[in-house]
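Results of the structural survey
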Amino acid sequence: SAAVSLISLASMVLPFSPSYGMLLVFQFCVGFGVGGVTVPYDLLAEFLPSDQRSAFLMMIQYFWTVGSMFVAAFAWILLNSRGWRALGSVTSVPVLMCALLSVWLLPESPRWLAEKGRFSEAEQVLIEAARVNGTPLHPNFALSERIEAEAWMPKNNGGSERGSSSSSSSSSSSSSGSGVGHAHA
């Protein structure tokens with residue numbers, strides 16, 4: 001994500017700051033980037049089953065605690081002997097590793113893809129997530145067709161020509177129990 005890239009870049013150049021003013025600028029960039037770190041967290045929440053979501057997301061927060069303890073430990077070890085530049089270099093390594101790994105391991109949000117009209121890509125992300133998680137999908141699973149059909153389905157908007165002309169077909173599909181929007185058609 002852009003936030004992790006900003007944090008990585010600012011963290012890598014921070015130890016080479018030529019002045020206190022530049023150090024503050026790079027540190028500001030790191031802090032600004034931290035605000036966007038929640039995007040992968042939200043993406044993870046999309047993929048978790050609802051009954052496990054809160055417990056798992058709470059456990060993820062322990063990484064902040066452990067990371068803070070590591071920073072304090074490295075500060076205690078490095079500040080007196082090597083200085084703040086060494087501390088800045090060491091603490092930038094985990095963020096850089098996460099940035100590089102996320103490029104290959106973190107899929108795009110299927111919800112975002114669908115909102116952008118990229119239905120087949122969203123479907124592929126969901127199929128791959130189901131495969132990795134060992135969750136069988138319905139044999140007729142077809143996200144792209146369902147969403148496209150729902151997007152073009154006429155809406156009943158108070159007797160307008162478009163809504164009233166389709167009310168009979170809309171009611172017949174809903175009475176059968178297998179109308180548009182169900183993956184088990």
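An account of the accompanying structure is given in this report. (Residues numbered from 1 in each chain as written. Predicted model: local features only at pLDDT ≥ 70, side-chain atom pairs only at ≥ 80, totals over all residues. Heavy atoms only, no water.)

This next bit is on the layout of surface pockets. The space that makes up the largest pocket amounts to roughly 2000 Å³. Residue lining of the largest pocket: 49 residues in total, with Val37, Phe63, Trp64, Pro94 and Cys98 positioned closest to the centre. Contributions of two or more residues to the lining of the largest pocket are made by α1 (2-13), α2 (20-34), α3 (38-47), α5 (62-78), α6 (84-105) and α8 (119-133). In terms of residue count, α6 provides more of the lining of the largest pocket than any other element does, 14 residues in total. Residues that form the lining of the largest pocket fall into these classes: 36 nonpolar, 12 polar and 1 charged. (1 Å grid on protein atoms, 1.4 Å probe; cavity = no way out; pocket = protein on both sides within 12 Å on 5 of 7 lines; lining within 4 Å. Points joined across faces, edges and corners; volume = space filled by probe spheres on them. Helix = DSSP H or I, 4+ residues; strand = E, 2+ residues; numbered from the N terminus. Nonpolar A, V, L, I, M, F, W, Y, C, P; charged D, E, K, R; others polar.)

We now examine the pattern of salt bridges. Counted according to the given criterion, the structure contains 2 salt bridges. Here Arg131 ties to Glu128 by a salt bridge, and the two come within 2.5 Å at their closest N and O atoms. Within this pair, Arg131 and its partner Glu128 are both found in helix α8, separated by 3 residues, close to a single helical turn. (Salt bridge = Lys/Arg side-chain N within 4 Å of Asp/Glu carboxyl O.)

Here Leu79 lies in the loop between α5 and α6. What makes Leu79 partly exposed here is its relative accessible area of 38%. In this structure Leu79 touches Phe74, Trp84 and Leu87, once residues within four positions along its chain are discounted. (Buried < 20%, exposed > 50% of the residue type's maximum accessible area, 1.4 Å probe, protein only. Contact = heavy atoms within 4.5 Å.)

Okay, the packing of α1 against α2 next. Where α1 contacts α2, the two axes come as close as 8 Å, and the packing angle between them is 160 degrees. Considering the angle they form, α1 stands roughly antiparallel to α2. Judged by the twist between their axes, the crossing of α1 over α2 is left-handed. Along its contact with α1, which presents Ala3, Leu6, Ile7, Ala10, Ser11 and Val13, the element α2 presents Phe26, Cys29, Val30, Phe32, Gly33 and Val34. For the contact of α1 with α2, the per-class residue count stands at 10 nonpolar, 2 polar and no charged. (Axes fitted to C-alpha atoms, helices over the stretch in contact; angles between N-to-C directions. Parallel < 35°, antiparallel > 145°, perpendicular 65-115°, else oblique. Left-handed = near helix turned anticlockwise from the far one by under 90°.)

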